[in-house]
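For reference, the chains in residue letters:
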Amino acid sequence: MSRIVTLDEFIIKRQKDFSYATGELTGLLRDIGVASKIVNREVNKAGLVNILGVEGSANTHGEAQQKLDVYANDKFIECLKNSGECAGVASEENEEFIPFPAFESKSGKYVVIMDPLDGSSNIDVNVSVGTIFAIYRRITEEDQPIELSDFLQPGLKQVAAGYVLYGTSTILVYTTGRGVNGFTLDPSIGEFCLSHRDIKIPNRGSYYSVNQGYYLKFDLEMRRYIDYCCDLNLGLRYIGSMVSDIHRILFQGGIFLYPNTRKYPAGKLRLLYECNPMAFIVEQAGGKAINTQIDRILEIEPKELHQRSTIVIGSPDMVDEMIQFVDKYSAVSSH
Ligand code: P6P
């Protein structure tokens, strides 16, 4: 039996790979791991302690907030604030970014952008949900207050990104730009243990993942590509939780699409805390991530914190095939 490697141990060991590393990013990643364990504990017993049900408040987009949304958001903010490495956070649950005062004389050289509990509408029906996070180096001077510009950076500037999937088991998957690794939580010792080393996405897979219910609302090129997937007898797998849907694709291959619809003309998913971190991870595993205008997700220059984007992400060969359909059928294809 191979030796257990905990998340902490792995992060510290990998820090040595970065000659310039001074431990702040290591500390920040470890703090995120701690917050994930705290949130996991509540997610796992959500049905038991009446933490379900809709919190009185609504999030920044007017969507009813589940109590667990609020709990997860609060816990991650608390851990990040006390880490001393983080100068501020932007969250799906908050309209504006949250600056942190210097903590124990540390001002923090990083900012974190997160979706504390993505797919939270699934909680009440016991379907897996996830946390998504992206870490950037702040661009304002450390002795100055952070600004919106610290958060409106293209995905290429991420120094780290990851997700936690609270599923049949709880797994944390992250990258710092040197490959992708997965850590499964062992509740008996309360540690995330290395379970999936150097994850590589298959070049193609036998699943496609899209909300087929919107088929008639998709543009022609999307409908023709979905018809093509059906002709290939690909399996349709769609959980309605981005982390879960993409996690499957990361391991088994496949393609996830959230195109524009009449309801979401710019796409539904959020660029900064859903598309960018998932795109960084999938690209680091050998996959591709574009929008329906065939722009690389990581190169999009953000204009606002809660900006939406369309996304096509997954196995490289399948994303390339999708591009051929855009070329062939899109009325506006100009790439
Ligand atoms: P739809 C969850 O609310 C979420 O933000 C993603 O996790 C998921 O992929 C998507 O929305 C599901 O959206 O419109 O298919 O229900």
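Remember, predicted model here, so these are calculated numbers, not experimental data.

Chemist: Looking at this model, I keep getting lost on the packing of aromatic side chains. Mind explaining?
Modeler: Two aromatic rings are characterised by how far apart their centres lie and by the angle between their planes. One pass over the structure, following the stated rule, counts ten aromatic pairs. Relative to Y228, the ring of Y225 has its centre 6.1 Å away and its plane inclined at 40°; by these criteria the two rings are tilted. Of this pair, Y225 and Y228 both sit in helix α4 (residues 220-231), three residues apart, which is roughly one turn of the helix. Note on Y228: relative accessible area 24%, which makes it partly exposed.

Chemist: Looking at this model, I keep getting lost on the pattern of salt bridges. Mind explaining?
Modeler: Scanning the entire structure with this criterion turns up twelve salt bridges. When the shortest N-O distance is used, the salt bridge between D8 and R30 registers 3.2 Å. Here D8, found in helix α1 (residues 7-15), pairs with R30, found in helix α2 (residues 24-44); they are 22 residues apart in sequence, far enough to count as distant. The exposure class assigned to D8 is partly exposed, which follows from its relative accessible area of 25%. Overall, R30 belongs to the partly exposed group, its relative accessible area being 32%. Its salt-bridge partner being E299, residue R296 comes within 3.1 Å of it at the nearest N-O pair. Since its relative accessible area comes to 30%, R296 is described here as partly exposed. Taking the relative accessible area as the measure of exposure, E299 reaches 46% and is therefore partly exposed. Within this structure, E283, R296 and E299 form a network of salt bridges that share partners.

Chemist: I tried to follow unusual backbone geometry on my own but got confused; where do I start?
Modeler: Most peptide bonds take the trans configuration, and most residues that are not glycine carry a negative phi. Backbone geometry places D198, a non-glycine residue, at a positive phi of 50°. Even without being a glycine, I294 presents a positive backbone phi close to 65°. With respect to the helices and strands, I294 occurs in the loop between β14 (288-290) and β15 (311-314).

Chemist: Where do I start with the side chain of R138 in this structure?
Modeler: Residue placement: R138 occurs in the loop between β6 (129-137) and β7 (158-166). No salt bridge is formed by the buried R138. Its closest oppositely charged neighbour is D150, at 4.7 Å. Of the polar contacts made by the side chain of R138, one reaches the backbone oxygen of E141; its length is 2.8 Å. The residues contacting R138, other than those within four sequence positions of it, are A87, S107, G108, K109, Y110, V111, Q144, P145, I146 and D150.

Parameters at a glance
Residues numbered from 1 in each chain as written. Predicted model: local features only at pLDDT ≥ 70, side-chain atom pairs only at ≥ 80, totals over all residues. Heavy atoms only, no water. Phe/Tyr/Trp six-rings, centres within 6.5 Å; stacked < 30°, edge-to-face > 60°. Helix = DSSP H or I, 4+ residues; strand = E, 2+ residues; numbered from the N terminus. Buried < 20%, exposed > 50% of the residue type's maximum accessible area, 1.4 Å probe, protein only. Salt bridge = Lys/Arg side-chain N within 4 Å of Asp/Glu carboxyl O. Lys, Arg positive; Asp, Glu negative; His and termini not counted. Polar contact = N/O pair within 3.5 Å; in protein donor to acceptor, adjacent residues only side chain to side chain. Contact = heavy atoms within 4.5 Å.

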